[in-house]
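Close look at the chain arrangement
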Amino acid sequence: MTLPRIFQCGQHHARGAVLAALLCVLSAPTFAVQDAKAARYYEDALARYEKRDLAGAIIQLKNALQIDRTMLPVQMLLGKALLQNGEVGAAEVAFTEALRLGVNRAEVVIPLAQSVVAQGKHKLLLEQPQFAPGGLPAGVRAQLLLLRAAASSDLGETRAALKAIEEARAVDSTSVDAWLAEIPVRVRIRQFREAGEAADKALALAPGHPEAIYQKGSVLHVQGDLKAALAAYDRALQANPAHFEARIARAGLSIDFGKLKEADSDVTELLRLAPGEPRAMYLKAQLAGRNNDEAGTRAALREVTNLIDSVPLDFIRYRPQLLMLNGIAHFELNEREKAKPYLEILQRSHGNSAASKLLAQIYLGESNIARAIEVLETLIKAQPGDSQAMALLASAHMAQGRHARATSLMQEALKANDAPELRTTLGLSMIGSGQTGNAIAELETAYKRDPDQTRAGAALVALYLRSGQAAKAAGVAQSLVKLRPGNPSFFNLLGTAQGQAGKIAEAKAAFEQASKLDDSLLAPKLNLAKLEIASKSYAAATARLEGVLKADEKNTEAMFDMAVIAGRQGQMAEAQRWLEKATDVAGPRDLKPGLALVDLHLRGGRPSPALEAAKRLSAKAPDDVGVLIAYSKAQLANADAVGAKTSLNSATRFADFNAPAQVEIATLQMAANNLPGAAYSLEKALSGRPDFLPANALLAEVELRQGDFAKAEKRAKEVVDKIPKRAIGYSLQGDVARARGQATAALELYRRAHQLEPSTESLMRLFRAMGGPTGNQAGLQLGSEWIKTRPNDTLVRKALAEGYVRAGNLASARRAYEDLLKVSPDDAMALNNLANVLLRLKDNEAAIKRAEQANVAAPGNAKVIDTLGWALYRHGQTDRALQLLRDARLREPANLEIRYHLAAVLAHTGRKTEAREELVAVLKSSMSSEWSADAKALAAELK
């Protein structure tokens, strides 16, 4: 039997064996556990993994997970072992669980991407937020961009593929891999000259690089220069005899040239290296066919189909050689129905190819003549080489979000008939387009002319409440209730207005009346629960909310309030659970739970989960100002200042002239070190509200940071002239004086501001000017006197405690943190900092207790886990310390102190190679700290 040739080069397939060598390896992981037996399972698995005993490692890791499924490093190592073992679906599950548990995205994104691609889920790699390149370290970002390029190419998105390659090349202009990645993309679109140029550039960077030599051969191969291609494959194998793709290609060419002995030798070696490799088995079938061995040919072809049929079709959807391979094998075995799906996928994804001719034969055999003609004609062509009516229409446009079009329609309608109902619709359309002032005027006119325009009345209540005019809102709501005493929604609206006006008893009565009128109405019950939460009647509120959820299990407002109750009671994990549940079921415009979830993660010191939650929100509402602000906060927490600037620039555009929003955006722009962006946001705020004090104050600060002292001083003086009895102007003047190095003048201005308006803000300015943060006695005395009369001021308490630490007064620092925790017992960072103070006081048992409390308050926070691990190590609990520090290292790999701590414990336990690897990263930094000398000494000891 003579078989058709399908191997011209290996440019479109994964390197190595189809199941196992689709994948590559990252470094060995780490994890935190509480059970010593589970820790031993992990350590044994790590040893097996390092010895390439993947099956044994997987068994031991699963044993560890039987004890505790929350062990982060176990999930990481399991994912890597499964990935190398060809169990790509299970690997994806493990890596995804590691992400959920809090692994730093940079540690998992590459193997997770590889497991996804190996299953044919290319679109997930390009669409899911965890695979976004932004915020990743340069090396990881470059690898990810090349994986995304390959996925885009497989999907036929060549422009996106080449763009990703260029972005990777911008990260590292000397990268050979970026040039190698371009070659298969160019070959796929038949740009052979550009492919050859990319190969030449790769070889210029690395003349002896086996892959570069092989890829150059693959370009020559598709151009028909077979002898030169064969010579290139020879050179690639001389540089690396284990180069699988070069040997595959050389064997195929040897068969073409009739060099059957050489081909047989290569095929034998291929099957030795990868016994289950279907391409090698197909080559074996070709050799048997050349030798007229019919039985051998069929047996080898059957091996091919057995191997590929066992792989889910989606896994190889973007692997053209395997699709073609199985299509041909089934075709030659006269299994046309089995061949068809493989060939059809190939034909759809890669257009005109040999698959088209095989498909045409199959269609002809099925008497599907029209389809056969269509396929063949395509192949040959490619290779011959739309007054009440307008209101209703406006309502329709509003329902589609086309508010401007609705407003235009209603203005035209009012020219013909100035009816109250039309003016109501006009006002409602203006709300949607952001014209709040005009909307209120139109709705007030409509409601005054016709009190039966209850839609206008209800909208006015909402607008008055939004602008802080609770008394006016309550007045309109009272008129609505009087007009429609049987309408429960109007009583609910009245309750909301009364509540905002501070009339709690009246609000409660209105909500209860609404529920009495219609017990199935959930809104008044939710509002009653909010009143109970505000009065700290948590049990009553919980019972009421449980009733709401029994009636509507997907009520996100009830879930949100359950989260509020949990948070007020210090049950942060429960609060997170409720917010996650609410976010999962929230509609496309229900952003409240998602925003709260981002904030919860940020307050808990969990930047990676915060970013993932923000990305999900962004996918739902990319143009929402609140979402963009939340996203930028998460990006800043993940040290992605560039991404934060982009999000904030968009937020500035969408916030228009909303002064409070622009001030918040400007504050974040400053945190992202984008002073021009902050200035622009503040100028927009002031163009809408020229006397908006917060914007003026912050703009002065921006100008100060930009070095424009004169402009900042002028603005500060203008604030003082306008409001001489307020503190802010003098504080700003103090900032200018301090920036100019006029310490005495700054101190007096801060003191005057504090005398005019004693506040935490003015105190902190004065505290800093007096040197409190650095341990200056006068500043510390100022802080101490302040909290005597304001014991609940946690900000000042924190600053005071930190000042004592810097002064070296650890006993006072300990008392300050303990006093702070009496006021705020669940402050995770205060607990963590106290633990560190206790460690320096050598009170290891007390340090462990406080660190354990911090870990409960902020689960997943790498710094907290590190403190606990280090405290345990200092107390002699080495095994658990090692596991905790491994976990912290995975969550925050850029934290050099964590890596030093891990290195110290690894060295103590005899894992010197791992310890050296951690110290290499630590010692690369020139950053000085109290532990730097210890790290250097440890490195010298391990040499």
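Every chain is numbered on its own, with residues counted from 1 as its sequence reads. Owing to the predicted nature of the model, reporting of local features is limited to residues with pLDDT of at least 70; listing and counting of side-chain atom pairs is limited to 80 or more, with chain, interface and lining totals taken over all residues. Here the side-chain values reflect all heavy atoms present in the structure, with hydrogen atoms and water set aside.

Section: the side chain of Arg899
A helix here means a DSSP run of H or I that spans at least four residues, while a strand means a run of E at least two residues long, and both kinds are numbered starting from the N terminus. With respect to the secondary-structure elements, Arg899 resides in helix α51 (residues 896-908). Setting aside anything within four residues of it in sequence, one finds Arg899 in contact with Arg889, Pro893, Glu918, Ala921 and Val922. In what follows, residue pairs with any heavy atoms lying within 4.5 Å of each other are defined as contacts.

Some remarks on the environment of Gln733
You can see Gln733 is positioned in helix α41 (residues 728-739). Not counting the four nearest positions on each side in its chain, Gln733 is found in contact with Ala716, Lys717, Val720 and Leu749.

Let's talk about α51
Any helix carries an expected span of 1.5 Å times its number of residues minus one. Counted at 1.5 Å a residue, the expected span for α51 with its 13 residues is 18 Å, and the 18 Å between its end C-alpha atoms agrees. Burial runs high along α51: 11 of the 13 residues are buried. Only protein chains enter the accessibility calculation, which uses a 1.4 Å probe; a residue is then buried when its area is under 20% of its type maximum, exposed when over 50%, and partly exposed in between. Of all the positions in α51, only Leu896, Ile898, Arg899, Tyr900, His901, Leu902, Ala903, Ala904, Val905, Leu906 and Ala907 are classed as buried. Contacts from the buried residues of α51 go to α49 (862-874), α50 (878-891), α52 (912-924) and α53 (932-942). The N-cap residue of α51 is Asn895: its side-chain oxygen and the backbone nitrogen of Glu897 are 3.1 Å apart. We define a polar contact as two N or O atoms separated by no more than 3.5 Å, with the added condition that, inside protein, one atom must be a possible hydrogen donor and the other a possible acceptor, whereas residues neighbouring each other in sequence contribute only through side-chain atom pairs.

Some thoughts on the pattern of salt bridges
Here, a salt bridge means any Lys or Arg side-chain nitrogen found within 4 Å of an Asp or Glu carboxyl oxygen. Taken as a whole and assessed by the stated rule, the structure comprises 54 salt bridges. For Arg250, the salt bridge goes to Asp234, with nearest N and O atoms at 2.9 Å. In this pair, Arg250 sits in helix α13 (residues 244-256) while Asp234 sits in helix α12 (residues 226-239), placing the two residues 16 residues apart along the sequence. When its relative accessible area of 27% is taken as the criterion, Asp234 is described as partly exposed. The closest approach of N and O atoms between Arg814 and Asp843, which form a salt bridge, is 3.3 Å.

Re helix α2 (residues 54-67)
Over its 14 residues, α2 extends 20 Å from the first C-alpha to the last, a length consistent with the 20 Å expected when each residue adds 1.5 Å. If you check which residues of α2 are buried, you get Leu54, Gly56, Ala57, Ile58, Gln60, Leu61, Ala64 and Leu65. Buried-residue contacts for α2 involve α1 (36-50) and α3 (72-84).

A closer look at unusual backbone geometry
Of note in this structure, Asn292 is not a glycine but carries a positive phi near 60 degrees. Looking at the secondary structure, you find Asn292 in the loop between α15 (278-290) and α16 (294-309).

Points about the confidence of the model for the protein chain
The pLDDT value expresses, per residue, how confident the predictor is, ranging between 0 and 100. Within the protein chain, residue pLDDT values average 85, and 91% of them lie at 70 or more. When mean pLDDT is compared element by element in the protein chain, α49 scores highest at 95, while helix α21 (residues 388-399) scores lowest at 55. In this model residues 1-34 is a low-confidence stretch, pLDDT under 50, and it forms 145 contacts with partners more than four residues away in sequence or in other chains.

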